[in-house]
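# Architecture and fold: a report
The primary structure of each chain is shown beneath.
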Amino acid sequence: MTLLEIKNLKKVYTARFSNQQTEALTTVNFSIEAGEFVSIMGESGSGKTTLLNIISTLDDATSGEVFLEGSPLSKIKDKEISAFRRNTLGFIFQDFNLLDNFTIKDNILLPLVLSKTPVREMEERLMPIVKNLGIEAHIDKFPYEVSGGQKQRVAVARALITQPKIILADEPTGALDSKASQNLMEILKGINETGQTILMVTHSAQAASFSNRILFIRDGAVYHEIYRGDAPAEQFMDRISKSLKVLSSRGELDE
Amino acid sequence: MNNRFFSSLALRNIKSNKQLYIPYLLSSTTIIMMFYLMASLLDNEFVQERSSSLSPLFVLGTIVIGIFSVIFILYTNSFLIKRRKKEIGLYGILGLEKKHVAKILFFETGFTSILSIAAGLVGGLIFGRLFFMLLNYMVRLPVDIIYSTSSLIVLATIGLFLAIFGITFLYNVSQFTFANPVKLLKGKQEGEKEPKGSIILFILSLVLLGWGYGISVTIPDPLEAITKFFLAVLLVIIGTYLLFISGSIFILKALKKNKQIYYRPGAFISISGMLYRMKQNAVGLANICILASMVIIAVSTTLTIFIGAEETLENRFPYENNMTLFGDVENVDEMNTRFFELQDQVQNTVYAEGLEVTESESYRYATFFGGVQGNEFVFDQGYADQENPTVLMVLPLEDFNGMTGKSYTLDDDAALYYHSTNAYKDSELTLGNKTYRVAEVANEFGEDMDLVESMAIVVPDASHLLEIQDDFKEQYPETNYLTIDAEVGWNTSGTEEQKEALAKKLNGEYGLGAGGSNLYDSRLLQREEWYGMNGGFLFLGIFLGLLFTIGTVLITYFKQVSEGFDDREKFQIMQKVGLDRETIQESTRSQIVWMFVLPIVIATIHVIFAYPIVRKLLLIFGVTNETTWLLSFVGVVIAFAAIYWVIYRLTSKTYYRIVR
Ligand SMILES: Nc1ncnc2c1ncn2[C@@H]1O[C@H](COP(=O)(O)OP(=O)(O)OP(=O)(O)O)[C@@H](O)[C@H]1O
Ligand SMILES: [Mg+2]
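Scoring rules and cut-offs
Residues numbered from 1 in each chain as written. Chains lettered and ligands numbered in written order. Predicted model: local features only at pLDDT ≥ 70, side-chain atom pairs only at ≥ 80, totals over all residues. Heavy atoms only, no water. Helix = DSSP H or I, 4+ residues; strand = E, 2+ residues; numbered from the N terminus. Rg over C-alpha atoms; globule rule 2.2 N^0.38 Å. Buried < 20%, exposed > 50% of the residue type's maximum accessible area, 1.4 Å probe, protein only. Contact = heavy atoms within 4.5 Å. Lys, Arg positive; Asp, Glu negative; His and termini not counted. Charge placed at Lys NZ, Arg CZ, Asp CG, Glu CD. Buried area = accessible area lost by both parts, 1.4 Å probe. Salt bridge = Lys/Arg side-chain N within 4 Å of Asp/Glu carboxyl O. Polar contact = N/O pair within 3.5 Å; in protein donor to acceptor, adjacent residues only side chain to side chain. Domains from an automatic or database assignment. pLDDT = per-residue confidence, 0-100. 1 Å grid on protein atoms, 1.4 Å probe; cavity = no way out; pocket = protein on both sides within 12 Å on 5 of 7 lines; lining within 4 Å. Points joined across faces, edges and corners; volume = space filled by probe spheres on them. Nonpolar A, V, L, I, M, F, W, Y, C, P; charged D, E, K, R; others polar. Axes fitted to C-alpha atoms, helices over the stretch in contact; angles between N-to-C directions. Parallel < 35°, antiparallel > 145°, perpendicular 65-115°, else oblique. Left-handed = near helix turned anticlockwise from the far one by under 90°. Core = buried A, V, L, I, M, F, W, Y, C linked by side-chain atoms within 4.5 Å. Near = heavy atom within 4 Å. Areas by Shrake-Rupley, 256 points an atom, 1.4 Å probe, with all protein chains shown as cover. Patch = residues over 30% accessible without salt bridge, like charges linked within 9 Å, V, L, I, M, F, W, Y side chains within 5 Å. Pairing = 2+ DSSP bridges.

## Digging into the overall build of chain A
A count of helices and strands for chain A gives 8 helices and 10 strands. A compact globule built from 255 residues should have a C-alpha radius of gyration of about 18 Å, and chain A, at 18 Å, falls within 12% of that. Oriented by its inertia axes, the alpha-carbon framework of chain A measures out at about 55 × 45 × 40 Å. When each of the 255 residues of chain A is scored for burial, the buried share is 54%. Contacts in chain A between residues at least 24 apart in sequence constitute 71% of all its contacts with a sequence separation of at least 6.

In structure tokens, the structure reads:
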């Protein structure tokens, strides 16, 4: 089943104090099946964050449309957009975006509280997730009292707790060292294996190698994609590095 | 690296932190202006000359604002420096030595303090002049009240605030010298910790408040009220801060524990936010509460004095025409004849004007000082002899009956008495060499009796007065001022013009300028001057009320704006994960109880407990009517609550605009 479909997406930024225009996305087309784990890679400035923000409804497209389960996101009313974001999407950010005034537990519960979920249900949902992510010992601490890797796992827990249709992650390993990155990616892979759809932006070939499919973006358009298939991890990594090299040399792909 | 480098760096820092510095400068400027204006009133002619009790009250007010300024500037500074910890921590990491960081901070503090002190003084001067002009125009007193200030007050203001800013500088430097860079980088994130021993603080706050309230409730007489008022105010202010700090944290934590309350969107955001900066939140609320109390007390008391002007005039001059007869020291008995002769003369004068006496009162009395010991009234030589002397007024039954319209009879060894503290309960009282069987009566002798501890004794006839005086002279043979005095008061028929003509005539004959041992006062002739003075009070009251209201606006504004900038990032993150505008509004709404209801309610409680002491102070100014006070108090509370509601709404909109 197609979960997410992106058609002819275009985004033009107009600078605030001049007429200078930046075309961040020219024409983007792709779709994601339910249960997939897709990575998006590309050079800095190629439009990855822009794409993700439009899918997250944090930003509007200049033209084109994003369909979730067949219905266009641009048709969601302003009033419903927050609830939509809370209930349907899960976010993981590069800089965690945890709130210092909440404990770890309250940070995770935040989207549920905003949806006015009964206290009992919240607590029932919380425990299995924090146990699974290995942060149950820290739930009464504050964000500034735990490590970066732990913070990102808290953010994952916050994204998961609403049981979203899709998790959107923008460079989730960007602020982590390699060991913590490895750990986080294993967690995401595990989550994906339970059927959770994930769309992730990353610069790291290693992180991308945990996904089933990788889209390469260049100059605001999908330029190339590779599937993992049944390939072992090293072989997939190899193919990713090769694709990246070709991408950055701006040469033609020959496969 | 020279000073120039550091000073330009400091200037750049201030500019690049505009968002933080503009509210900070604005609020410190206003508080300096407030202090300067208040201190200038000390020099004011009206304040110095109207009443001897007014000056000490304004000294008190100035000290209170001074203390308040210290707390307020430290509070705003702590906001500022917390938000800049990371930035300044970076200097350390980039290799600036601590003494260099201190230098930068020195210049920053220097610039901001010079700027705000200068602006505060200039603003104070302009505002003071303008506002006095406006008020003079509105109140239209017979004589304008002139705004004045002196270089001494300017210097005192500069000195005080340089010292306060000096403290903030030391505080800021200590923050950076004793913390390691990593901690500094995290400085903005970390929430405030609950103060140690908050239970003890809570108990202490109740003790201080109870003590302050206790002073007010048990104050025996007005003269003591002036001296103790300061202590009570100070206790209540400190108690309020401690109460808010310990109490609000206590309540917030309890709310957080209650999951059904805490895990609702509005409460979730606001409670966690308030706990995150629990001390700042508490100090901010306490600031609002204290200023609110000051506004209510200043305006409601002066309003009472103004509204009660007619009544105080009547207390001071119980009849349209009042005459005091001063006895002759050489010939004490002379009064007993002059008393009746003078009443006849007055009667004749009134008839001569074609008017009639409609109402009158007259009584003779002797005044003694001393104190009750057991069931004897022990004489002192004079008023100055004793710490708290009781004033004793002795009057004959004949005059008492005439004055009250009652018809008591007394045996030769019987007497009636009134005691202002209601402490005397014996059935016998010895006065000089004679012991009377006594019965208590209500206060028929005027509210003046309650100003200081006093006693009135009604003896069977005028000869007893003379006997008591003889006994007194036996004890203190060198006393040379013992007399019997008398009061005569009467109303007449006739129009206002006729009354005025009579008053002018009598004033020429017996008034202050005429000399002699009788003194005539006409209520009619005193009225204008009287209203002028009481209008002056109202003038000062409105001025102070306005000053404190501006303070309230400012503090509320500062609290909302600085918290808004503090919270902005959080709200943006929350919006990303699905917080909608309505919930933001809901969370700002759930502040109402804290920001609006709490300060107003506690301020009202303060003012209710201040009632007894304020009432005693009002007695000094001749106000005795409790209803007037109560009504103007209720009116002022409601009016201020309404004004504060507007302030609250506007500033919370500002907050909303910042965070959304
Ligand atoms: N708010 C904005 N206003 C104007 N131009 C913008 C804005 N945001 C992004 N851009 C521009 O759009 C282009 C794409 O930016 P985007 O942030 O999507 O890149 P990215 O692929 O996420 O890069 P990185 O890997 O560095 O995060 C860039 O050229 C950028 O300068
Ligand atoms: Mg990006």
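## Quick word on the overall build of chain B
Helix and strand counts for chain B stand at 21 helices and 10 strands. For chain B, the C-alpha atoms occupy an extent of roughly 100 × 50 × 50 Å along the three principal directions. Burial analysis of chain B (660 residues in total) assigns 55% to the buried set. In chain B, of all internal contacts separated by at least 6 residues, the share reaching a separation of at least 24 is 81%. Mean positive and mean negative side-chain charge positions of chain B (53 and 66 charges, respectively) differ by 31 Å.

## Focus on the interface of chain A and chain B
With 27 residues of chain A in contact, the opposing surface of chain B contributes 27 residues. Of the roughly 2500 Å² buried between chain A and chain B on both sides combined, carbon and sulfur atoms contribute 64%. By the criterion of area lost to chain B, the three top residues of chain A are N101, L114 and Y144 of chain A, representing 24% of everything that side buries. The interface formed by chain A and chain B includes 2 salt bridges. Of the charged contacts in the structure, one is a salt bridge between E123 of chain A and K259 of chain B, with a shortest N-O distance of 2.9 Å. Counting every contact that joins chain A to chain B gives 7 residue pairs in polar contact (both at pLDDT 80 or more).

## With respect to the domain arrangement of chain B
What the domain assignment reports for chain B is domain 1 (1–190), domain 2 (194–313 + 545–660) and domain 3 (327–516). Averaged C-alpha coordinates put domain 1 of chain B and domain 3 of chain B at centres separated by 57 Å.

## Section: the confidence of the model for chain B
Do not read the fine detail of predicted coordinates wherever pLDDT is low. All names here are of chain B. This prediction gives chain B a mean pLDDT of 85; 97% of its residues lie at or above 70. Element-level pLDDT for chain B is lowest in helix 7 (residues 181–186), with a mean of 69, against a maximum mean of 93 in helix 8 (residues 198–218). Taken over the whole predicted complex, pTM reads 0.79, whereas the ipTM for its chain interfaces reads 0.87.

## Notes on the layout of surface pockets
All names here are of chain B. The volume enclosed by the largest pocket comes to roughly 1500 Å³. In terms of lining residues, the largest pocket is bounded by 47 residues, among which N315, R316, Y363, F445 and D448 are the most central. Element by element, the count of residues in the lining of the largest pocket is highest for strand 2 (residues 357–373), at 6 residues. Shared between two domains, the lining of the largest pocket holds at least three residues of each, these being domain 2 (194–313 + 545–660) and domain 3 (327–516). By volume, the second largest pocket amounts to about 770 Å³. When residues of the lining of the second largest pocket are traced back to their parent elements, those giving at least two are helix 4 (54–93), helix 6 (151–177), helix 7 and helix 12 (278–307). The leading source of residues in the lining of the second largest pocket is helix 4, at 8 residues. Its residues assigned to classes, the lining of the second largest pocket shows 9 nonpolar, 7 polar and 9 charged. Taken together, domain 1 (1–190) and domain 2 (194–313 + 545–660) each give at least three residues to the lining of the second largest pocket, which thus spans both.

## Concerning the packing of helix 3 (residues 104–114) of chain A against helix 5 (residues 148–160) of chain A
Helix-helix packing is described using two parameters, namely the angle between the two axes and the distance between the axes. Residues and elements named next belong to chain A. Taken N-terminus to C-terminus, the directions of helix 3 and helix 5 make an angle of 30°; their axes are 7 Å apart at the nearest point. Between helix 3 and helix 5, the crossing angle belongs to the class labelled roughly parallel. When you trace helix 3 past helix 5, the crossing you get is right-handed. The segment helix 3 lies against helix 5, with I104, N107, I108 and P111 engaging V154, A157 and R158. Taken together, the residues that form the contact of helix 3 with helix 5 break down as 5 nonpolar, 1 polar and 1 charged.

## A closer look at the nonpolar core
Core analysis: the biggest nonpolar cluster contains 195 residues, and L199 of chain A together with F543 of chain B have the highest contact counts within it. No other element matches helix 12 of chain B, which puts 16 residues into this core. Built from parts of two domains, this core gets at least three residues from each of domain 1 (1–190) and domain 2 (194–313 + 545–660) of chain B. In contact with L199 of chain A, not counting residues within four places along its chain, are L4, I32, V38, I40, L52, I55, I166, I167, L168 and A169 of chain A.

## Brief notes about the site of ligand 1
Residues and elements named next belong to chain A. Among the 13 residues in the neighbourhood of ligand 1, the closest are listed as S44, G45, K48, T49 and T50. Within the side chain of S44, an N or O atom sits 2.5 Å from an oxygen atom of ligand 1. Within the contact set of ligand 1, an oxygen atom lies 3.3 Å away from a backbone nitrogen or oxygen of S46. Protein coverage of the free-state accessible area of ligand 1, which is 640 Å², stands at 60%. At the level of elements, strand 2 (21–33) and helix 1 (48–55) are the ones that each hand at least two residues to the shell around ligand 1. In terms of residue count, helix 1 provides more of the shell around ligand 1 than any other element does, 3 residues in total. Its residues placed into classes, the shell around ligand 1 shows 2 nonpolar, 8 polar and 3 charged.

## Focus: helix 13 (residues 309–316) of chain B
Those residues of helix 13 of chain B not exposed but buried are A309, E311, T312 and L313 of chain B. Against helix 12, helix 18 (523–576) and helix 21 (626–659) of chain B lie the buried residues of helix 13 of chain B.

## Observations regarding a nonpolar patch on the surface
Residue and element names in this part refer to chain B. Taken together, V217, V593, V597, V601, I605 and F609 make up a surface patch of nonpolar side chains, about 450 Å² in accessible area. A total of 5 residues in the nonpolar patch trace back to one element, the largest contributor, which is helix 20 (residues 592–620). For V593, the location among the structural elements is in helix 20.

## Topic: empty space enclosed by the protein
Residue and element names in this part refer to chain B. With the rule as written, the count across this model stands at 8 cavities of 30 Å³ or more. Surrounding the largest cavity, 38 residues form its lining, L60, F229, V233, I297 and A298 being those nearest its centre. Listed by contribution, the elements that provide at least two residues to the lining of the largest cavity are helix 4, helix 8, helix 9 (222–257), helix 12, helix 18 and helix 20. In terms of residue class, the lining of the largest cavity is made up of 29 nonpolar, 9 polar and no charged. The space that makes up the second largest cavity amounts to roughly 170 Å³.

## Things to note about the pairing of strand 8 (residues 197–201) of chain A
Residues and elements named next belong to chain A. Of all 5 residues making up strand 8, 5 are buried, and the element is well covered by its neighbours. Side chains of strand 8 alternate between two faces, with T197, L199 and V201 and I198 and M200 buried alike. Examined bridge by bridge, strand 3 (residues 37–42) and strand 8 share 4 bridges and lie parallel to one another. Bridging across to strand 8, S39 finds its partner in M200. Sheet topology note: the strand 7 (residues 166–170)/strand 8 ladder contains 5 bridges and is parallel.

## Notes on the pattern of salt bridges
Residue and element names in this part refer to chain B. Counted according to the given criterion, the structure contains 33 salt bridges over all chains. Notably, a salt bridge pairs R83 with D566, separated by 3.1 Å at the nearest N-O pair. Remark: D566 occurs in helix 18 and R83 occurs in helix 4; sequence separation between them is 483 residues.

## Regarding the environment of K165 of chain A
Residues and elements named next belong to chain A. Note that K165 resides in the loop between helix 5 and strand 7. Measuring from C-alpha to C-alpha, the distance between K165 and G190 comes to 16 Å, with 25 residues separating the pair along the chain. Discounting residues that sit within four places of it in the chain, K165 has contacts with L3, E69, T88, Q196 and T197. Among the polar contacts listed, one links the side chain of K165 to the side chain of E69, at a separation of 3.4 Å.

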